[in-house]
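This is what each chain is made of:
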Amino acid sequence: MTNYKLTYFDFAGGRGEPIRIALHAAGIEFEDNRLTFAEFSKMRHETRFNALPVLEIDGAAVTQSNAICRYIGKMAGLYPVDHLQALYCDETLGAVEDLSHHIGQTFGLEGEALRAAREKLVAGWLTTFVKGLGALLERGGGQYFAGESLSIADLKVLMQTRWLRSGALDHIPQDLVDRIAPNLVEHQARVEADPVVVAWYASRNH
Ligand SMILES: N[C@@H](CCC(=O)N[C@@H](CS)C(=O)NCC(=O)O)C(=O)O
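So, here is what we can say about the structure in this document. For clarity, every value in this text was computed on a predicted model and none was experimentally measured.

The rules behind each value
- Every chain is numbered on its own, with residues counted from 1 as its sequence reads.
- Where local features are concerned, this predicted model is filtered to residues with pLDDT of at least 70; where side-chain atom pairs are given and counted, the filter is 80 or more; whole-chain, interface and lining totals use all residues.
- Working from all heavy atoms in the structure, the side-chain values ignore hydrogens and water.
- For the purposes of this section, nonpolar cores are sets of buried Ala, Val, Leu, Ile, Met, Phe, Trp, Tyr and Cys residues that join through side-chain atoms within 4.5 Å.
- Think of it in three bands: with a 1.4 Å probe and only protein chains considered, a residue is buried below 20% of the maximum accessible area for its type, exposed above 50%, and partly exposed in between.
- Residue contacts follow a heavy-atom distance rule, with two residues in contact if any of their heavy atoms lie within 4.5 Å.
- Per the convention used, a helix needs a DSSP run of H or I reaching at least four residues, while a strand needs a run of E reaching at least two, with both numbered from the N terminus.
- Using only the protein atoms, space was sampled on a 1 Å grid; points where a 1.4 Å probe fits but cannot get out form cavities, open sets with protein on both sides within 12 Å along at least five of seven lines form pockets, and lining residues are those with an atom within 4 Å of a point.
- Grid points are joined across faces, edges and corners, and a volume is the space filled by probe spheres set on the points.
- Three categories are distinguished: nonpolar for Ala, Val, Leu, Ile, Met, Phe, Trp, Tyr, Cys and Pro, charged for Asp, Glu, Lys and Arg, and polar for the others, with Gly belonging to the last.

We now examine the nonpolar core. In this structure, L126, V130, L133, F145, L164 and L184 are the most contacted members of the largest nonpolar core, which totals 53 residues. When near neighbours in sequence (up to four residues on either side) are disregarded, L164 contacts I103, L126, V130, L169, I172, P173, Q174 and V177. With six residues, the next largest nonpolar core counts F9, L35, F40 and V54 among its residues.

Listed as buried for helix α9 (residues 182–192) are N183, L184, V185, H187, Q188 and V191. For α9, the elements touching its buried residues are α6 (125–139), α7 (152–165), α8 (176–180) and α10 (195–204).

This next bit is on the layout of surface pockets. Estimated volume of the largest pocket: approximately 780 Å³. Lining of the largest pocket is provided by 27 residues; of these, Y8, F9, R15, L52 and F107 occupy positions nearest its centre. Secondary-structure elements contributing two or more residues to the lining of the largest pocket are β1 (4–9), α2 (37–43), α4 (83–104) and α7. For the lining of the largest pocket, the element with the highest residue contribution is α4, accounting for five residues. Looking at the lining of the largest pocket residue by residue, the class counts come to 13 nonpolar, 10 polar and four charged.

On to unusual backbone geometry, then. Where the residue is not glycine, phi is negative for most of them; where a peptide bond is considered, it is trans in most cases. Geometrically, the link from L52 to P53 is a cis peptide bond, its omega value of 10 degrees lying close to zero. Secondary-structure assignment places P53 in the loop between α2 and β3 (54–57). Notably, D58 is not glycine yet its phi reads approximately 50 degrees, a positive angle. With respect to the element layout, D58 can be found in the loop between β3 and β4 (60–62). If you check the backbone angles, Q64 has positive phi at about 75 degrees while not being a glycine.

Here is the structure:
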């Protein structure tokens, strides 16, 4: 049997959580290796690109969360078979990655520098990407980003919407998504209630 080990941070979001949900949906048993930030900083140079997530398949490491998501998503039935819908799915994954990158660049800043960077982000990239993601959902018919059922694109966007609306990001207004793309708020509720997502969190509570 193939051995899967996913290494990511110990929280229910970011680039790692959609992979965990997809692995669970595919019925693949995996080692859910969760690191603290301190543990990661000790081993970051051992990873290929100094970053997480890393998926080890029989000991061979693979990086890049979207590539991993697609691979597991195909096994889980969470990646569109139709080529055009697959393109729409990939476009969404890429947009979320770009947005994560822009937000990530403000990490490590403090005080006034953090405030200035986050305000610039809110006025610029963040608004652009939240609006754009809202438009992509609209294109998909308003329910899902690609096709007529849940895909890894929906899981990726869920993480972003949940994060942006959580109030965890200083200087980013908690109601930004609600104001700019209210369809993403409805989407969050829809995806959180999806049996695939519910089953993952139920499995964590045992
Ligand atoms: N393009 C990469 C980006 C990976 C990435 O930046 N991961 C973040 C966590 S979500 C990280 O490990 N940051 C730690 C650091 O940059 O020191 C992917 O999608 O996997």
